[in-house]
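A closer look at the structure
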Amino acid sequence: MKSLELLVERIILSSRWILVVFYLGLVAALAVYAVSFLYKFVKVAKNVFVYDDAQMILAMLGLIDAALVASLILMVMIAGYENFVSRFDEAEKDVSFLGKLDAGSLKIKVASSIVAISSIHLLQIFLNAQQYTESQLMWLTFMHLAFVVSAVLLGFLEQLMGRLKG
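The structure reproduced in this document is the subject of the present report.

Rules and cut-offs
- Residues numbered from 1 in each chain as written.
- Predicted model: local features only at pLDDT ≥ 70, side-chain atom pairs only at ≥ 80, totals over all residues.
- Heavy atoms only, no water.
- Helix = DSSP H or I, 4+ residues; strand = E, 2+ residues; numbered from the N terminus.
- Rg over C-alpha atoms; globule rule 2.2 N^0.38 Å.
- Buried < 20%, exposed > 50% of the residue type's maximum accessible area, 1.4 Å probe, protein only.
- Contact = heavy atoms within 4.5 Å.
- Phe/Tyr/Trp six-rings, centres within 6.5 Å; stacked < 30°, edge-to-face > 60°.
- Patch = residues over 30% accessible without salt bridge, like charges linked within 9 Å, V, L, I, M, F, W, Y side chains within 5 Å.
- Areas by Shrake-Rupley, 256 points an atom, 1.4 Å probe, with all protein chains shown as cover.
- Salt bridge = Lys/Arg side-chain N within 4 Å of Asp/Glu carboxyl O.

When you go through the protein residue by residue, the secondary structure sums to five helices and zero strands. Start at the N end of the protein and walk to the C end: the helices and strands fall as α-α-α-α-α. For 166 residues, the compact-globule estimate of 2.2 N^0.38 gives 15 Å, and the protein exceeds it by more than 25% at 21 Å. Across its three principal axes, the protein shows a C-alpha extent of roughly 70 × 35 × 30 Å. Out of the 166 residues in the protein, the part that is buried amounts to 23%. For the protein, the share of sequence-separated contacts (at least 6 apart) that also reach a separation of at least 24 residues comes to 64%.

Before going further, it helps to examine the environment of A29. With respect to the helices, strands and loops of the structure, A29 is situated in helix α2 (residues 19-46). Taking relative accessible area as the criterion, A29 reaches 33% and is therefore assigned partly exposed. Here the alpha-carbon distance between A29 and A70, two residues 41 residues apart in the chain, equals 9.3 Å.

Attention shifts here to the packing of aromatic side chains. Taken as a whole and judged by the stated rule, the model has two aromatic pairs. When the ring of Y23 is compared with that of Y81, the centres are 6.4 Å apart and the planes differ by 80°; the resulting orientation is edge-to-face. Of the two residues, Y23 is situated in helix α2 and Y81 in helix α3 (residues 53-84); the sequence distance between them amounts to 58 residues. Measuring from ring centre to ring centre gives 5.8 Å for W139 and F142, while their planes differ by 75°; the resulting arrangement is edge-to-face. Here F142 and W139 lie together in helix α5 (residues 134-165), a separation of three residues that amounts to about one turn. The exposure class of W139 is exposed, given its relative accessible area of 52%.

Our next topic: a nonpolar patch on the surface. Taken together, the side chains of M1, L4, L7, V8, I11 and I12 define a hydrophobic patch exposed on the protein surface, amounting to about 650 Å² of accessible area. Tracing the backbone through its elements, the reader meets L4 in helix α1 (residues 2-14). Taking relative accessible area as the criterion, L4 reaches 47% and is therefore assigned partly exposed.

Turning our eyes to something else, we now look at the pattern of salt bridges. Taken as a whole and assessed by the stated rule, the structure comprises one salt bridge. Put simply, E5 and K2 hold a salt bridge, and the shortest N to O gap is 3.8 Å. Of this pair, E5 and K2 both sit in helix α1, separated by three residues, roughly a single helical turn. For K2, a relative accessible area of 55% translates into the label exposed.

What follows is the structure, encoded as structure tokens:
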């Protein structure tokens, strides 16, 4: 019976390598998103003398938003692989820019990124407020506030858990 238990445990632990397919898929998604970013950039560059100030601000916010989304994908790939599949053996120096890579800090970083992305998206909407109804603006603002409150509560809970452990 013990050998069956050990076999089941090995299978379960080995199944983490299936996650590699997902992380490689995210690498491909990041490459596709980079092409999309370049298309947006070229569009902005072509219209640099055509856009008025508001249009240029919206275009820049779109590029910033794309960079934040790409950063979020990269962060999830690296930290997810590190936390759930295998440690980076020789690349510790190369991923040190992410700081601490445990699951708790990953949650905080992801939540912060989502709030930043939501903030930029909401700012873009406010700059085009005439295209939205009052009801739509209200709901979009509530959704953003839900992200903010969730991130703050997550940070508070992580800090509280850290105090309880220490």
